[in-house]
Amino acid sequence: MNLGTNNTIRGHSQYGVYLDVDAASNTVSGNRVYSNTIGGIALTNGAVKGNRFVRNLIYRNGKRGITVYSGTNNRFLNNDIYAATNGVYVGAGATLSNRFMNNILLSNIVRGVTNAGTGTRWEYNDVFGSSRNYANSVALAVSNANISQNPLFSNANAGAFGLTSASPAIDTGTTNGL
């Protein structure tokens, strides 16, 4: 089921997108999710599984761009996450086969990625410009084709997330496994 496609989701007092108990097999794609008080996207409480989050612009949300407290087999693909306190937080309740691929995380104030979950796969992501790009995830910085370089967005401060021609993120992702 397409839960949300090509929407602007902003200004909520909690999260912009919130998937809870037994949310399964949903697709959230092409959305602008910004200026939400707690965070952009959250997966919490229970068997949240098999959901896909694709090509979303997630920016200037409060505490976190993406929060995964629980769930399995969720996919986060080709998202841009900018200017939250923490870009992505994966909690200890998130187990087995959640996958983050081809995402760009830029200028998240404290942490780019915090990974307390088990079995989460991080591949072909660019995490740059946070006080700490990879917290609890040191191996991610140097493995699975992840990079830490300024992606050179055209003008992220103005909400323009296209890559300039000089971007080191061009052609560094993969279509394998999408």
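Above this note sits the structure.
Presented here is a report on the structure given in the accompanying data block.

**Description of the pattern of salt bridges**
Counted under the stated rule, the structure contains two salt bridges. Among the ionic pairs, glutamate 123 bridges to arginine 99, the shortest N-O distance being 2.8 Å. A residue pair is termed long-range when its members are at least 10 positions apart, and glutamate 123 in strand 16 (residues 121–123) and arginine 99 in strand 13 (residues 99–101) qualify at 24 residues. Its relative accessible area of 12% is what places glutamate 123 among the buried residues. On the basis of relative accessibility, which here comes to 11%, the residue arginine 99 falls in the buried class. For the salt bridge of glutamate 123 with arginine 121, the shortest nitrogen-to-oxygen distance reads 2.9 Å. Residues joined in a network through salt bridges with shared partners are Arg99, Arg121 and Glu123.

**Describing the packing of aromatic side chains**
One pass over the structure, following the stated rule, counts nine aromatic pairs. When the ring of tyrosine 34 is compared with that of tyrosine 59, the centres are 4.8 Å apart and the planes differ by 5°; the resulting orientation is stacked. With tyrosine 34 in strand 5 (residues 32–34) and tyrosine 59 in strand 8 (residues 57–59), the pair connects residues that are 25 residues apart, well separated along the chain. Under the relative-accessibility criterion, tyrosine 59 is labelled buried at 6%. For the ring pair tyrosine 82 and phenylalanine 161, a centre distance of 5.8 Å and an interplane angle of 70° mean the geometry is edge-to-face. With tyrosine 82 in strand 11 (residues 80–82) and phenylalanine 161 in strand 20 (residues 160–163), this pair connects stretches of sequence that are 79 residues apart. This pair shows no difference in class: tyrosine 82 is buried, exactly as phenylalanine 161 is. Every member of this aromatic cluster is reached through a ring pair, and the members are Tyr34, Tyr59, Tyr82, Phe153 and Phe161. One cation-aromatic arrangement involves arginine 64 over tyrosine 89; the distance from NZ or CZ to the ring centre is 4.1 Å.

**Notes on the sheet that holds strand 8**
Taken in spatial order, the six strands of this open sheet run 2-5-8-11-14-17, and their pairing is parallel. Each of the sheet's edge strands pairs with one partner strand only, and the pair in question is strand 2 (8–10) and strand 17 (126–128). On average, each strand axis in the sheet is tilted by 10° relative to the strand beside it, whichever way the strands run. Here strand 11 runs beside strand 14 (residues 104–106); their pairing, made up of three bridges, is parallel.

**A few points about the sheet that holds strand 9 (residues 64–68)**
The six strands are arranged 3-6-9-12-15-18 in an open sheet whose pairing can be described as parallel. Edge strands, defined here as strands with exactly one partner in the open sheet, are strand 3 (15–19) and strand 18 (132–135). Adjacent strand axes in the sheet meet at a mean angle of 5°, parallel and antiparallel pairs treated alike. Pairing of strand 9 with strand 12 (residues 86–90), which is carried by four bridges, proceeds in the parallel orientation. Directly across from arginine 64, in strand 12, lies its bridge partner asparagine 86.

Cut-offs used in this document
- Residues numbered from 1 in each chain as written.
- Predicted model: local features only at pLDDT ≥ 70, side-chain atom pairs only at ≥ 80, totals over all residues.
- Heavy atoms only, no water.
- Salt bridge = Lys/Arg side-chain N within 4 Å of Asp/Glu carboxyl O.
- Helix = DSSP H or I, 4+ residues; strand = E, 2+ residues; numbered from the N terminus.
- Buried < 20%, exposed > 50% of the residue type's maximum accessible area, 1.4 Å probe, protein only.
- Phe/Tyr/Trp six-rings, centres within 6.5 Å; stacked < 30°, edge-to-face > 60°.
- Lys NZ or Arg CZ within 6 Å of the ring centre and 35° of its normal.
- Pairing = 2+ DSSP bridges.
- Axes fitted to C-alpha atoms, helices over the stretch in contact; angles between N-to-C directions.

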